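Residue strings, one per chain:
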Amino acid sequence: MTVHFIGAGPGDPDLITVKGRRLIEQCPVLLYAGSLVPEAVVACAPQDALVIDTAPLTLDEIVAHMAAAHGKGQSVARVHSGDPSIYGAIAEQMRRLDALGIDYDVTPGVPAFAAAAALLKTELTLPEVSQTIIITRTEGKASPMPKGEELAALGASRATLAIHLSVRNIHLVAAALTPHYGADCPVVVVYRVGWPDQAVIRGTLATIRERVKASKITRTALIFVGRVLENGSFSESRLYHPDHQHILRPGKKAKSSGKVKDRSGASGKESPIPE
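Treat the numbers as computed from the prediction; the structure is a model and nothing was measured.

Criteria and thresholds
- Residues numbered from 1 in each chain as written.
- Predicted model: local features only at pLDDT ≥ 70, side-chain atom pairs only at ≥ 80, totals over all residues.
- Heavy atoms only, no water.
- Helix = DSSP H or I, 4+ residues; strand = E, 2+ residues; numbered from the N terminus.
- Polar contact = N/O pair within 3.5 Å; in protein donor to acceptor, adjacent residues only side chain to side chain.
- Contact = heavy atoms within 4.5 Å.
- Salt bridge = Lys/Arg side-chain N within 4 Å of Asp/Glu carboxyl O.
- Buried < 20%, exposed > 50% of the residue type's maximum accessible area, 1.4 Å probe, protein only.
- 1 Å grid on protein atoms, 1.4 Å probe; cavity = no way out; pocket = protein on both sides within 12 Å on 5 of 7 lines; lining within 4 Å.
- Points joined across faces, edges and corners; volume = space filled by probe spheres on them.
- Nonpolar A, V, L, I, M, F, W, Y, C, P; charged D, E, K, R; others polar.
- Domains from an automatic or database assignment.
- Pairing = 2+ DSSP bridges.
- Expected span 1.5 Å × (residues − 1).
- Arc of directions from axis to C-beta.

Engineer: Tell me about the side chain of Thr 138, and name the residues and values.
Structural biologist: Structurally, the position occupied by Thr 138 is in the loop between β6 (133-137) and α5 (151-155). Reaching out from Thr 138, the side chain makes a polar contact with the side chain of Ser 166 at a distance of 2.8 Å. Side chain to side chain, Thr 138 and Asn 169 meet in a polar contact 3.0 Å long. What Thr 138 contacts, discounting residues up to four positions off in sequence, is Met 145, Leu 151, Ile 163, His 164, Leu 165, Ser 166, Asn 169 and Val 173.

Right under this line is the structure:
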């Protein structure tokens, strides 16, 4: 018996991994965070599976279901939104399972910031603009921020910020970051990415507060801040520049006597590698 922690992705049922879906299809017990994971993601569970929405449950109640399944020798699919390593609240569940001697593993999922960037058709690391992404949140009711991780301190880096669990604090976000990024710095708020009602709000640190207020969005949103969102003037990467040589793309004078096989299995002289 194993408890499988599964990252379900941001909401789109097609963005779960093949392994994650296979585990859901096989497990006789399924626990999912219904406030963040659509029912469509877990619809592939066995017809006779015990499917439980854990949104109204406490940690003790969730672990009790896992322990009951363990007693019956039944594996559990524990489905979390996005990737469970980011604000997944799995650490305390795993600690309880360690104490109970129950085996578990983790299957990663598509994180919300990656799905949001795909929706925006935006690269979050542009040459000479930003090569760092900081995933963070603001202080809320759940838990305080550790010392040194205040948004103003992180903003001093001027890296690309992906701010979770903070749309209610959008006014605090703007106030903390404006001194570092400038009032004209682009901000994008992505609401429920991957869900049918997903929405995008664009603005700047000077305008985003009023635009979010007008939208009445108060939860399940991700805030991007950074100059990469301008997506206009930036230097091209050296990765594909003809002067950039590496082992897979040697200089024009370099030759190779090696042989490769094509997909049919036929062997021949090595052909140039495009990248």
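Picking up after the structure, the text goes on.
Engineer: Tell me about the pattern of salt bridges, and name the residues and values.
Structural biologist: One side chain can pair with another of opposite charge once the charged atoms of both are near each other. One pass over the structure, following the stated rule, counts 4 salt bridges. Put simply, Asp 184 and Arg 227 hold a salt bridge, and the shortest N to O gap is 2.7 Å. Taken together, the residues span a long stretch of sequence, with Asp 184 in the loop between α6 (170-181) and β8 (186-191) and Arg 227 in the loop between β10 (221-225) and β11 (259-261) at a distance of 43 residues. Given the relative accessible area of 28%, Arg 227 is considered partly exposed. Connected via shared salt-bridge partners are Asp 184, Arg 227 and Glu 230.

Engineer: Outline the layout of surface pockets, supporting the account with residue identities and numerical values.
Structural biologist: In this structure, the largest pocket spans a volume of roughly 1600 Å³. Leu 36, Ser 81, Tyr 87, Leu 165 and Arg 219 are, among the 49 residues lining the largest pocket, the residues nearest its centre. If you list the elements that add at least two residues to the lining of the largest pocket, you get α2 (59-71), β4 (76-80), α3 (91-100) and β10. Partitioned by chemical class, the residues of the lining of the largest pocket number 23 nonpolar, 17 polar and 9 charged. Here the lining of the largest pocket spans two domains, since at least three of its residues come from each of domain 1 (3-109) and domain 2 (113-229).

Engineer: Any chance you could break down the pairing of β10 for me, citing the residues and the numbers?
Structural biologist: Counting buried residues along β10, 5 of its 5 residues qualify, which places the element largely inside the surrounding structure. Along β10, one buried face is formed by Ala 221, Ile 223 and Val 225 and the opposite face, lined by Leu 222 and Phe 224, is buried too. As paired elements, strand β7 (residues 160-164) and β10 share 3 bridges and run antiparallel to each other. Residue pairing across strands places Leu 161 opposite Val 225, the latter belonging to β10. Here β8 pairs with β10 via 5 bridges, running antiparallel. Pairing of Val 189 across the sheet is with Ile 223, part of β10.

Engineer: Which residues make up α2, and what values go with them?
Structural biologist: When the terminal C-alpha atoms of α2 are compared, their 18 Å separation across 13 residues agrees well with the 18 Å that a helix rising 1.5 Å per residue should span. Where α2 is concerned, the buried positions are Ile 62, Val 63, Met 66 and Ala 69. Buried residues of α2, seen end-on, are gathered within an arc of 115° and therefore sit on one face of the element. Lining the buried residues of α2 we find β1 (3-7), β2 (29-32), β4 and α3.

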